[in-house]
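Here is how the chains run, residue by residue.
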Amino acid sequence: MSAFSRFTPLIQSLPSTIPFVGPEAIERQRGRPIAARIGANESGFGPAESVISAIREAAGGTWKYADPENHDLKQALAARLGTSPANIAIGEGIDGLLGQIVRMVIEPGMPVVTSLGAYPTFNYHVVGHGGRLVTVPYAGDREDLDGLLAAVKGENAPLVYFANPDNPMGSWWPADRIVEFARALPETTLFILDEAYCETAPADAVPAISALIDRPNVVRTRTFSKAYGLAGSRIGYVIATPGTAQAFDKIRNHFGMNRIGVAAAIAALADQEYLKEVTAKIADSRQRIAAIGTENGLSPLASATNFVAIDCGRDAVFARAIVDTLMNDHGIFIRMPGVAPLNRCIRVSTGPEAEMALFEAALPEVLKKLA
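> How do you make sense of the environment of alanine 48 when you look at a structure like this?
By the element assignment, alanine 48 lies in the loop between β1 (36-37) and α3 (49-59). The class for alanine 48 is buried, based on a relative accessible area of 3%. For alanine 48 and glutamate 277, which are 229 residues apart along the polypeptide, the C-alpha to C-alpha distance reads 9.7 Å. Alanine 48 has contacts with Asp271 and Tyr274, leaving out every residue within four places of it along the chain.

> How should helix α2 (residues 23-30) be read in this particular structure?
Side chains that are three or four residues apart share a direction in an α-helix, a result of its 3.6 residues per turn. Within α2, burial applies to Pro23, Ala25 and Ile26. Buried positions in α2, seen along its axis, are confined to an arc of 155° and lie on one side of it. If you follow the buried residues of α2, they end up packed against β1, α13 (316-330) and β11 (332-333). The positive-phi residue at the C-terminal boundary of α2 is glycine 31, with phi of around 70°.

> I'm lost on the packing of aromatic side chains in this one. Help?
By convention here, two paired aromatic rings are described through the distance between centres and the angle between planes. Going through the model one piece at a time under the given rule, you end up with 9 aromatic pairs. Each ring, one from phenylalanine 122 and one from tyrosine 161, has its centre 4.6 Å from the other, and the planes form 15°; the classification is stacked. Residue phenylalanine 122 is located in helix α6 (residues 120-128), and its partner tyrosine 161 is located in strand β5 (residues 159-163); the two are separated by 39 residues in the primary sequence. Judged by its relative accessible area of 0%, phenylalanine 122 falls in the buried class. For tyrosine 161, a relative accessible area of 1% puts it in the buried group. In this structure, arginine 177 packs its charged tip against the face of tryptophan 173, placed 4.9 Å from the ring centre. Sitting over the face of the ring of phenylalanine 318, arginine 314 holds its NZ or CZ atom 4.0 Å from the ring centroid.

> What is the right way to read the pairing of strand β12 (residues 345-349) from this model?
On a regular strand, one side chain projects to one face of the sheet and the next to the other, so that they alternate. Counted residue by residue, β12 has 5 buried out of 5 residues, so it is predominantly covered. Going residue by residue along β12, you find Cys345, Arg347 and Ser349 tucked away on one face and Ile346 and Val348 tucked away on the opposite face as well. In the sheet, strand β10 (residues 307-311) pairs with β12 via 5 bridges, with the strands oriented antiparallel. Bridge pairing in β12 places isoleucine 310 opposite isoleucine 346.

What counts and how
Residues numbered from 1 in each chain as written. Predicted model: local features only at pLDDT ≥ 70, side-chain atom pairs only at ≥ 80, totals over all residues. Heavy atoms only, no water. Helix = DSSP H or I, 4+ residues; strand = E, 2+ residues; numbered from the N terminus. Buried < 20%, exposed > 50% of the residue type's maximum accessible area, 1.4 Å probe, protein only. Contact = heavy atoms within 4.5 Å. Arc of directions from axis to C-beta. Phe/Tyr/Trp six-rings, centres within 6.5 Å; stacked < 30°, edge-to-face > 60°. Lys NZ or Arg CZ within 6 Å of the ring centre and 35° of its normal. Pairing = 2+ DSSP bridges.

Spelled out as structure tokens, the structure:
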């Protein structure tokens, strides 16, 4: 297959890859529709009705570009968070923001510290910008804060990534330990605190905005993709000092936001009553998934996210067989961690009761088939 001959050496050295194979691709590959979409940590509960109404109202204006300054969304977020709009940068989901952060900090060959088995899309951006990944194994199915700090200092790393709560295990650290970690980092190390699941976490797992807002080397990334049910709208944001937040203006795609999605995000922020309702549904669904796992002799892990990791008690081959058989035989889409020893687990996203019932009925059949 021919390709353009003058790509950069870095691009020529990289494999063509997609960090996550989407459920649509799985449907195409396997020739059967998905009956239960509980693998991508989306919210099957969907957005609030008020948000759907805002989407309908905004649809007629989709011929217009979104405001390149994202003024209204910044104002709404600042009011909700108790910050200044200057503390906020907006981007195309956390994934897009992670790519911008890596681009701002990393030059080819520079070390970047993260956990072994943590969010693959971050690794994708690091490698794509020529960074050198330095990975720290999980400790007891939880990211190792002491190990991450030691790696940062040992490598003099300019960038470290840590998610709280964590994906793919669902584990979390209390807020005071996160703040302690941030304060222990060198001022020359930028700390990405990925809080994609902060709305589903216990209150004592999320540092107060004021606890880190004055630290130029901390960026907190958040999203409307999880609890707010807007994964398809691609709306994420960063909380940082004004100087750090303003740096995004130097490289971001100023017309990268979609107008309908921005309207949806503003409406979602305004409907906090729905957020309370949906996070309660997520918590109930987590319990449901855990109970299904336990009833089948598996070991669900405690989770502060919108998914549950379930220890299958064997190895990655067995976990992969469960994932594949659920899809092939029953059309149930789930995922699993990609790195040992985390990959002894499967990961099941929360969702409506109809999808939970399908999973409950299929899992014992799958385990019996694989016995």
